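So the chains spell out like this:
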Amino acid sequence: MTDDTTVAGDEGATENSQPLLKPSLTQFPWVRAAGASLALLIVQYAALVASVTLTSVTVTRPEWELWTKAVQYGFVLYSAHHIPIATTINTQLQTGTSLNNLLYGPSLYPAVLFFLLPIVALTVAGYLFERRRTPPASVAIFEESTMVGTGFTIPYVLAGVIGSFVFVRRISTETAQASSAPALLWTLVAMFLFPMVFVALGAMVAYRRGDPDQA
């Protein structure tokens, strides 16, 4: 009787000792993924500024202040993620909002390079992140790539949302006021999908290359 009670107690203790989260989730370097995600946004911004400087694309004016130019470059980075810029105009008679992507237009080059920038950067980042990591053998390719994608996506979305409130351009005249900023709803959707898809894709490629059983 005593032995049966002891065995039952041991089985209950074993069941209760199961971790709340899977070991693969608790062992994943979430902080390092978040840091890499934020660094990637900075790299994209710097690459965009350099690209605009080296090409014939005009996104700023010589008389603009430094912050106004920085905001305009931010608008181009959002536009590269297919996020439109929402411009709200208030006049004495009416108020209206229009959406405009700075890169949509008749000129395909070099706008296509700007559209490729986040795609290539995110895919390469996912690949390099996974190549520097040794996931547990029990973690399957889909689970691993999803975790890498999620690790990049959460800070990517948060930074995008914060940026939509920071990168704001306001113009005031005697008869009207106008403000431009990245469209918030589009920011939430695009900043989620881009890293979740392309970072996960890069991680998946790296995982398959590093696992001979998956080749």
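Residues numbered from 1 in each chain as written. Predicted model: local features only at pLDDT ≥ 70, side-chain atom pairs only at ≥ 80, totals over all residues. Heavy atoms only, no water.

Participant: Break down the overall build of the protein for me, citing the residues and quoting the values.
Facilitator: Along the backbone of the protein there are 7 helices and 4 strands. Written out in order from the N terminus, the α and β elements of the protein read α-α-α-α-β-β-α-α-β-β-α. Out of the 215 residues belonging to the protein, those deemed buried represent 39%. A sequence separation of at least 24 residues applies to 72% of the contacts in the protein between residues at least 6 apart. With an accessible surface of roughly 13000 Å², the protein has 65% of that area assigned to carbon and sulfur atoms. (Helix = DSSP H or I, 4+ residues; strand = E, 2+ residues; numbered from the N terminus. Buried < 20%, exposed > 50% of the residue type's maximum accessible area, 1.4 Å probe, protein only. Contact = heavy atoms within 4.5 Å. Areas by Shrake-Rupley, 256 points an atom, 1.4 Å probe, with all protein chains shown as cover.)

Participant: Please give an account of the pairing of strand β2 (residues 95-100) that cites residues and values.
Facilitator: With respect to burial, β2 is a largely exposed element, only 0 of its 6 residues being buried. Of the strand pairs in this sheet, strand β1 (residues 85-91) and β2 are connected by 6 bridges, and their pairing is antiparallel. Bridge pairing in β2 places Ala-86 opposite Leu-99. (Pairing = 2+ DSSP bridges.)

Participant: Could you give an account of the packing of helix α3 (residues 30-54) against helix α6 (residues 141-166), naming the residues involved and the relevant values?
Facilitator: Where α3 meets α6, the axes come as close as 8 Å, and the angle between the chain directions of the two elements is 55 degrees. With respect to α6, the axis of α3 lies oblique. Helix-helix and strand crossings are classified by hand; for α3 and α6 the assignment is right-handed. Residues Trp-30, Ala-33, Ala-34, Ala-36, Ser-37, Leu-38, Leu-41 and Gln-44 of α3 pack against Met-147, Thr-150, Gly-151, Phe-152, Pro-155, Tyr-156 and Ala-159 of α6. Looking at the contact of α3 with α6, its residues break down into 11 nonpolar, 4 polar and no charged. (Axes fitted to C-alpha atoms, helices over the stretch in contact; angles between N-to-C directions. Parallel < 35°, antiparallel > 145°, perpendicular 65-115°, else oblique. Left-handed = near helix turned anticlockwise from the far one by under 90°. Nonpolar A, V, L, I, M, F, W, Y, C, P; charged D, E, K, R; others polar.)

Participant: Please give an account of helix α5 (residues 111-131) that cites residues and values.
Facilitator: For α5, with 21 residues, the first-to-last C-alpha span of 31 Å sits near the 30 Å given by 1.5 Å per residue. The largest bend along α5 reaches roughly 30 degrees and is located at Leu-117, with the proline Pro-118 sitting one to four residues downstream. When α5 is considered as a whole, its buried residues turn out to be Ala-111, Phe-114, Phe-115, Leu-117, Pro-118, Ala-121, Leu-122, Ala-125, Gly-126, Tyr-127, Phe-129 and Glu-130. (Expected span 1.5 Å × (residues − 1). Bend = angle between axes of the 7 residues up to and from the residue.)

Participant: Got a sec to walk through the pattern of salt bridges? Specific residues and values, please.
Facilitator: Counted according to the given criterion, the structure contains 1 salt bridge. Two residues, Arg-133 and Glu-144, come together in a salt bridge whose shortest N-O distance is 2.7 Å. One end of the pair, Arg-133, is in the loop between α5 and α6; the other, Glu-144, is in helix α6, and 11 residues separate them in sequence. Each member of the pair, Arg-133 as well as Glu-144, is classed as buried. (Salt bridge = Lys/Arg side-chain N within 4 Å of Asp/Glu carboxyl O.)

Participant: So what about the nonpolar core? Which residues, and what values?
Facilitator: With 26 residues, the main nonpolar core has Phe-28, Tyr-78, Leu-122, Phe-129, Val-148, Phe-152 and Met-191 as its most contacted residues. Looking at this core, the elements with two or more residues in it are α3, α4 (66-80), α5, α6 and α7 (184-210). (Core = buried A, V, L, I, M, F, W, Y, C linked by side-chain atoms within 4.5 Å.)

Participant: Which residues make up the layout of surface pockets, and what values go with them?
Facilitator: A volume near 280 Å³ is recorded for the largest pocket. What lines the largest pocket is a set of 13 residues, among which Leu-41, Ile-42, Leu-77, Ala-159 and Phe-167 lie closest to the centre. Counting only elements with at least two residues in the lining of the largest pocket, the list comes to α3, α4 and α6. Split by residue class, the lining of the largest pocket holds 10 nonpolar, 3 polar and no charged. (1 Å grid on protein atoms, 1.4 Å probe; cavity = no way out; pocket = protein on both sides within 12 Å on 5 of 7 lines; lining within 4 Å. Points joined across faces, edges and corners; volume = space filled by probe spheres on them.)

Participant: How would you explain unusual backbone geometry if you had to name every residue and give the values?
Facilitator: The phi angle at His-82 is positive, at roughly 65 degrees, despite the residue not being glycine. Of note, His-82 is situated in the loop between α4 and β1.

Participant: Could you give an account of the environment of Tyr-127, with specific residues and numbers?
Facilitator: Within the element layout of this structure, Tyr-127 appears in helix α5. In the structure, Tyr-127 is positioned 18 residues away from Ser-145 in sequence and 9.7 Å away in space, judged by C-alpha atoms. Discounting residues that sit within four places of it in the chain, Tyr-127 has contacts with Gly-202, Ala-203, Val-205, Ala-206 and Arg-209.

Participant: Go over the confidence of the model for the protein, please, and point to the residues and values.
Facilitator: Segments scoring low in pLDDT should not have their predicted coordinates read at a detailed level. Averaged over all residues, the pLDDT of the protein is 84; the fraction at 70 or higher stands at 83%. By mean pLDDT, the top-scoring element of the protein is α6 (95), and the lowest-scoring one is helix α1 (residues 2-16) (52). (pLDDT = per-residue confidence, 0-100.)

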